[in-house]
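Below, each chain spelled out in residue letters.
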Amino acid sequence: MSQVPAYKRILLKLSGEALMGDDAYGINRQTIDSIVAEVATVAKLGVEIAVVIGGGNIFRGIAPAASHMDRATADYMGMLATVMNALALQDSMRQIGLLSRVQSALNIEQVVEPYIRGKAMRYLEEGKIVIFAAGTGNPFFTTDTAAALRGMEMNVELVLKATKVDGVYTDDPKTNPLATRYDRLTFDEAIIKNLKVMDATALTLCRDQKMPINVFSIFKPKALMRVVMGENEGTMVHV
């Protein structure tokens, strides 16, 4: 296998749920360490990596209490959950000698840096992994949209959506054994067929800026590496 990556700079979108492992909510240390190990193998190839992290694993634990909340208040709580996940991710990286920086769209300077585009770009050029927390900093926008937005701002070549499933399927593979995986999809197909690749805002943003998305399983060993090397892994969504 060639050791020349197909992409120089990528953005990895990690859902908060990915950090739970088999737990009901919260952060599973073994799972987060396993994800970080996969990221480290790609970073060693010289690929510049930005990460956008969700907060569902923490927010799920308080979701019943938030069900009758004002939507904006609940969204801000979710943003704070992503900051907690980002710190856990950074700590796991630190323990294996992977240099990273956390930048938050919400200003919490005692804990993490504020998001500054120029600084984030410089960190990537220096080989540090940049973890973006707090989504876009605005309620009513998902972390999928934050991933699309930060991907554009960082001039990445590919947005990778890490999920529990190894791509986008014609139907739910858990309930329909005849469901088949798409190798490639256009943005318009994904939107028209409502395939839940990302939310509609994120998909439209990526389509308009011609930013490809690869949907793959973060739990499949070396899948991240195969995507970065340009192999047929997951589902590629393109213009």
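Residues numbered from 1 in each chain as written. Predicted model: local features only at pLDDT ≥ 70, side-chain atom pairs only at ≥ 80, totals over all residues. Heavy atoms only, no water.

An account of the overall build of the protein is needed here, citing residue identities and associated values.
Assigned secondary structure in the protein consists of eight helices and nine strands. Its C-alpha atoms give the protein a radius of gyration of 17 Å, within 12% of the compact-globule value 18 Å for 239 residues. Dimensions of the protein along its principal axes, counting C-alpha atoms only, are 45 × 45 × 35 Å. A buried classification covers 51% of the 239 residues belonging to the protein. Within the protein, residue pairs in contact and separated by at least 24 positions form 73% of the contacts whose partners lie at least 6 positions apart. (Helix = DSSP H or I, 4+ residues; strand = E, 2+ residues; numbered from the N terminus. Rg over C-alpha atoms; globule rule 2.2 N^0.38 Å. Buried < 20%, exposed > 50% of the residue type's maximum accessible area, 1.4 Å probe, protein only. Contact = heavy atoms within 4.5 Å.)

Describe the packing of helix H5 (residues 143–153) against helix H7 (residues 200–208), listing the residues and the values that go with them.
Their axes nearest at 7 Å, the elements H5 and H7 cross at an angle of 20°. In terms of axis orientation, H5 runs roughly parallel to H7. Pair H5 / H7 crosses with left-handed handedness. Two secondary-structure elements touch here, H5 through Asp 144, Thr 145, Ala 148, Leu 149 and Met 152 and H7 through Thr 201, Ala 202, Leu 205 and Cys 206. Of the residues assigned to the contact of H5 with H7, the class counts are six nonpolar, two polar and one charged. (Axes fitted to C-alpha atoms, helices over the stretch in contact; angles between N-to-C directions. Parallel < 35°, antiparallel > 145°, perpendicular 65-115°, else oblique. Left-handed = near helix turned anticlockwise from the far one by under 90°. Nonpolar A, V, L, I, M, F, W, Y, C, P; charged D, E, K, R; others polar.)

Could you give an account of the environment of Val 47, with specific residues and numbers?
Residue position: Val 47 is located in the loop between helix H1 (29–43) and strand E2 (48–53). Sequence spacing of Val 47 and Ala 6 is 41 residues, and the spatial spacing of their C-alpha atoms is 9.3 Å. Apart from the residues within four sequence positions on either side, Val 47 is in contact with Pro 5, Tyr 7, Lys 8, Ile 10, Val 42 and Val 228.

Mind laying out the layout of surface pockets, listing which residues take part and the relevant values?
The calculated volume of the largest pocket comes to roughly 560 Å³. Looking at the largest pocket, it is lined by 23 residues, and the ones nearest its centre are Thr 163, Val 165, Gly 167, Leu 195 and Lys 196. With three residues, strand E6 (residues 158–163) is the largest single contributor of residues to the lining of the largest pocket. Taken together, the residues of the lining of the largest pocket break down into nine nonpolar, four polar and 10 charged. Looking at the second largest pocket, its volume works out to about 480 Å³. Every residue lining the second largest pocket is counted, 24 residues in all, and those nearest its centre are Gly 55, Gly 56, Gly 78, Thr 142 and Thr 143. Among the secondary structure elements, those contributing two or more residues to the lining of the second largest pocket are helix H2 (56–66), helix H3 (71–95) and H5. By residue number, the principal contributor to the lining of the second largest pocket is H3, which donates six residues. Among the residues forming the lining of the second largest pocket, the class breakdown is five nonpolar, 12 polar and seven charged. (1 Å grid on protein atoms, 1.4 Å probe; cavity = no way out; pocket = protein on both sides within 12 Å on 5 of 7 lines; lining within 4 Å. Points joined across faces, edges and corners; volume = space filled by probe spheres on them.)

Outline the pairing of strand E8 (residues 213–217), supporting the account with residue identities and numerical values.
Of all five residues making up E8, five are buried, and the element is well covered by its neighbours. Side chains Ile 213, Val 215 and Ser 217 project from E8 onto one buried face, and the interleaved Asn 214 and Phe 216 project onto a second face that is buried too. In terms of strand pairing, E6 meets E8 through five bridges, oriented parallel. In the strand pairing of E8, Val 159 is matched with Ile 213. Direction of pairing for E8 relative to strand E9 (residues 235–238): antiparallel, over a ladder of three bridges. (Pairing = 2+ DSSP bridges.)

Please give an account of the sheet that holds E2 that cites residues and values.
Pairing is mixed in the open sheet, where nine strands are placed in the order E4-E3-E5-E2-E1-E6-E8-E9-E7. Edge positions in the open sheet fall to strand E4 (113–114) and strand E7 (184–186), since each of these has one partner strand only. By the bridge criterion, five bridges tie strand E1 (residues 9–14) to E6 in an arrangement that is parallel. From the neighbouring strand, Leu 11 faces E6, where its bridge partner is Val 159.

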